[in-house]
Each structure stands twice: as C-alpha cells, then as structure tokens.
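If you want the building blocks of each chain, they are given just below.
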Amino acid sequence: MKTILTILCLGVVMTTYAQEFEISTELRPRLEYRNGYKTLRPNDVDAATYVSQRTRLNLKYGSEKLNAYVVFQNVRVWGDVATLGLSDNNGTAIHEAWAELKLDTKLSLKLGRQEIAYDDQRIFGNVGWAQQARSHDALVATYKPNAKHRLDFGLAMNENSETLFNTDYAINNYKAFQYLWYHTNFKSVDFSFLILNNGLAFYNDSDSEEQRVDYNQTIGSRVTFNKNKIDTDASIYFQTGKIAGVNLSAFNIAANTNYSINNKFKAGLGAEYLSGTDMDAKSNTLKSFNPWFGTNHKFNGLMDYFYVGNHANSVGLIDINATLAYKKDKFSVKLMPHLFSSAATVVDSTEKEMSNTLGTELDLVLGYSWTKDVSFQAGYSQLFATETLEVLKAGNRDNTNNWAWVMVTVKPSLFKTTLKAE
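Residues numbered from 1 in each chain as written. Predicted model: local features only at pLDDT ≥ 70, side-chain atom pairs only at ≥ 80, totals over all residues. Heavy atoms only, no water.

Visitor: So, the side chain of Asn216: which residues are in play, and what are the values?
Guide: If you trace the backbone, Asn216 turns up in strand 10 (residues 207–227). Among the residues examined, Asn216 registers a relative accessible area of 0% and is labelled buried. (Helix = DSSP H or I, 4+ residues; strand = E, 2+ residues; numbered from the N terminus. Buried < 20%, exposed > 50% of the residue type's maximum accessible area, 1.4 Å probe, protein only.)

Visitor: Go over the side chain of Asn252 with me, naming the residues and quoting the values.
Guide: Take Asn252: it is sitting in strand 13 (residues 250–260). One polar contact links Asn252 to Glu272, side chain to side chain, over a distance of 3.2 Å. Sequence-distant contacts of Asn252, defined by excluding residues within four places in its chain, comprise Arg122, Ser235, Ile236, Tyr237, Glu272, Tyr273, Leu274 and Phe289. (Polar contact = N/O pair within 3.5 Å; in protein donor to acceptor, adjacent residues only side chain to side chain. Contact = heavy atoms within 4.5 Å.)

Visitor: Residues and numbers for the pairing of strand 13, please.
Guide: Pairing analysis gives 10 bridges linking strand 11 (residues 230–243) to strand 13, with the strands arranged antiparallel. In the sheet register, Phe238 faces strand 13, and the bridge partner there is Phe251. In terms of strand pairing, strand 13 meets strand 14 (residues 265–274) through 9 bridges, oriented antiparallel. Its bridge partner lying in strand 14, Asn256 is registered against Gly270. As consecutive antiparallel partners, strand 13 and strand 14 are separated by 4 residues. (Pairing = 2+ DSSP bridges.)

Visitor: Can you explain unusual backbone geometry? Please cite residues and give values.
Guide: Unlike most non-glycine residues, Asn300 shows phi in positive territory, near 60°. By the secondary structure assignment, Asn300 is in the loop between strand 14 and strand 15 (317–328). Residue Asn300 is classed as buried on the basis of its relative accessible area, which comes to 3%.

Visitor: Outline the pattern of salt bridges, supporting the account with residue identities and numerical values.
Guide: Using the criterion set out here, one finds 14 salt bridges in the structure. Here Arg397 makes a salt bridge to Glu390, at a shortest N to O gap of 3.4 Å. One network of salt bridges, in which partners are shared, links Glu26, Arg54 and Arg56. (Salt bridge = Lys/Arg side-chain N within 4 Å of Asp/Glu carboxyl O.)

Visitor: So what about a negative patch on the surface? Which residues, and what values?
Guide: Together, Asp278, Asp280, Glu351 and Glu353 line one region of the surface with negative charge. Here Asp278 shows up in the loop between strand 14 and strand 15. (Patch = residues over 30% accessible without salt bridge, like charges linked within 9 Å, V, L, I, M, F, W, Y side chains within 5 Å. Areas by Shrake-Rupley, 256 points an atom, 1.4 Å probe, with all protein chains shown as cover. Lys, Arg positive; Asp, Glu negative; His and termini not counted. Charge placed at Lys NZ, Arg CZ, Asp CG, Glu CD.)

In structure tokens, the structure reads:
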C-alpha cells in the first residue's frame, strides 16, 4: 500500500494545479430474515436467514481539468466460501471506473463504468440497497452554463466482447441507449425533463436465429416544490416504441406531499399509478410501464413485490401510501403503510375476473448514526395479501408473510491529501 501511495503522490506533484486524492472504504454487512419477501410464502417451507456483505475500496482523484474515480467491490454471503477456500465465489469486481474531463467551465465529459442517477431515481438510479448496486458502461456529456441550468446527454453501446464481425448480444442487459436529461430551478421549484431511447435485443419468432434490436422511448418530467414546512413532488412519464416486436403504450403518474409538523415529526401522503396490461387482453399492445433503471426498492413497499427484478410486463400497480417520520439528533424512525391495487384486470386460472385489491404492507425503519463513519439501520415489514395477489405471486396469502433486517454501514476515509497549486 505504501508503494502505491508513493507512486500516486509522485504523479500528483508533476503538475502545477491543486489536486486532491482520497482512499476510502465501505463495509456493509446486512442480516435478513425472509419469510415472504418478494413472493408469498408457500406451504411447508421455512424462512431464510442469512448475512450478505458489500465491501468496497474507493479511489478518488480531482484536479482543475480532471476528476477520476475507481471503486473495487466484493459482494458475498457469509459462509459461501469455506474457511480454507482458495478463491472467492464472486471475486472482486470494478463497480465504477470513470474519468471526467473538464473541457471548460461549462462543459464536461464523463466516460467509463459509472452510476447514473437522476431526480428521485425512479427511471435512473444507482440501486444502492442491492449489495452489488447498478452501474453502466457509458459516456455522459454535461453542459452547465450556470447554477440554474444543466443538460446531460448520455449514451451506451454494449457488446459481449471484442470481435472481428457482428455477433449476437447474449448478456441479460440492454443493447444500447441514448438519453437527454435537463434540470432547472426557480426559487422553490425544481423542474426536470427526461427522454430515454432504450434498445433491447431479441430473437424474431419467425426466425429464431436472427437477433434484432427494438427501441422503446420513455419521455417525461418531474417537478418539486419546497417552501416553509411543505415539500411536494409530481411526475409523469410516457412509454412508446416496441419491445420484442410488440407495440408499447404505457404511462406512470406519481405525486407526494410532506408536511413538517415540527422539527422532529414529518407526515406525508403519496400515490403512484403504473399502467398495466389486462391478463385477458385481446390487443397485442403492451400497456405495462417499466421503470427501467430505477432504484425501485425505495418505491412501492420495501418487501420488493413490485418492479424489483419482477412484475415486468404485468398488470401494473396503484400504490396509495403514507409516511410518518421522526428524527432527533442521531436517531430516526419511519413508518410507511401501503395499499396496493392492480392497474389492469387480473384473472385466475378459470378466467374469472378478480378484485383489483392486492393487499396492504406496513414498513418500519429505524436508524442511528453512531459516528460520522458508522451507522446502524433495522427494519420490519409485514404484508397482508389478498387472493388477487396470490394469483399473481402464487404461494399462500394465509401464511405469515414478513421480512426483517439489520444493517451496519462503515464508511471511513483511510487517506486524504491535497496539494496546492504552485
């Protein structure tokens, strides 16, 4: 480690601009008790209990013309490697590795493996709850003429590996995307606009050996208002284009209002509508909205029954929710009830139309910031499901379906230095 630091510091002093270099780490073990998490618990099965851990080493560099960031990451489950094991199951991966070129005071270019997150992270997010999180191989150009306006243009193009000729894309991922994101603010109001062109590879039914790419478009905006004790937000997104040869026509509407009762208590109400496709639909148009790269764990209940690696191309969702939060000094607590319904028609195996009500979920989260570098969190969630949710998720709604977790996050800075300009 000393040798690495010496080489890096020698490289820093070779230029005349002020530069910063930091090494930091993150250790995040999480104990989970899963007893109906993501799907209703079937009969004659027991709950799962395990500890997962994310370990990161972060290298950060900054100067007048260049920023760079590299994150090495290992994700494991305690016990997945024997105590005398020669290798790790998942090994060490590069979660981020990017450089940002500051072309001038208004324009920058960021390229490499990077997290992409905008607004409330409904469409683009870093999925930080997942131990592996999400990052993209992409190029992002940012134009920021002043503090009030910002325009980002991003693009990605993916292949399996280096090749001499065109080959089918075999990774469970998008083939390519391009997007524009614009943000501005006016005193108490912030406004954002997003347009995403997302390309997915698929095989044509008439010729299973021919791979094609269909593009779908997500277009929408989000506005927030914050003043005194009230903060509100609203968003609307439309989706069109094609997915695997099928026409897409979907939309998402959401709104939330929070009121600070005093400096300790905050209460809020929210609603979200994600369109869906009727299970007995006669049309070949897909009406199911998909929040493609969002941090979906933070939406629609913490038990992840909807849009967290599931519920795609399904009957959509209506989520009516509330929040009661308390925070004092280093301690916080939040209670969040959700009432779920389907946005489209659900039918059972006999083609009988079911009620749209899916169930109720109660989420409780506790937090304690012990030090600047160490924090503790714990949570408990309980789901009360209906027969309709059982049709969608299988399992048994009459079983107890709950989830509990405890997480410790340790994020110390190991080394930091600043060299001033000569």
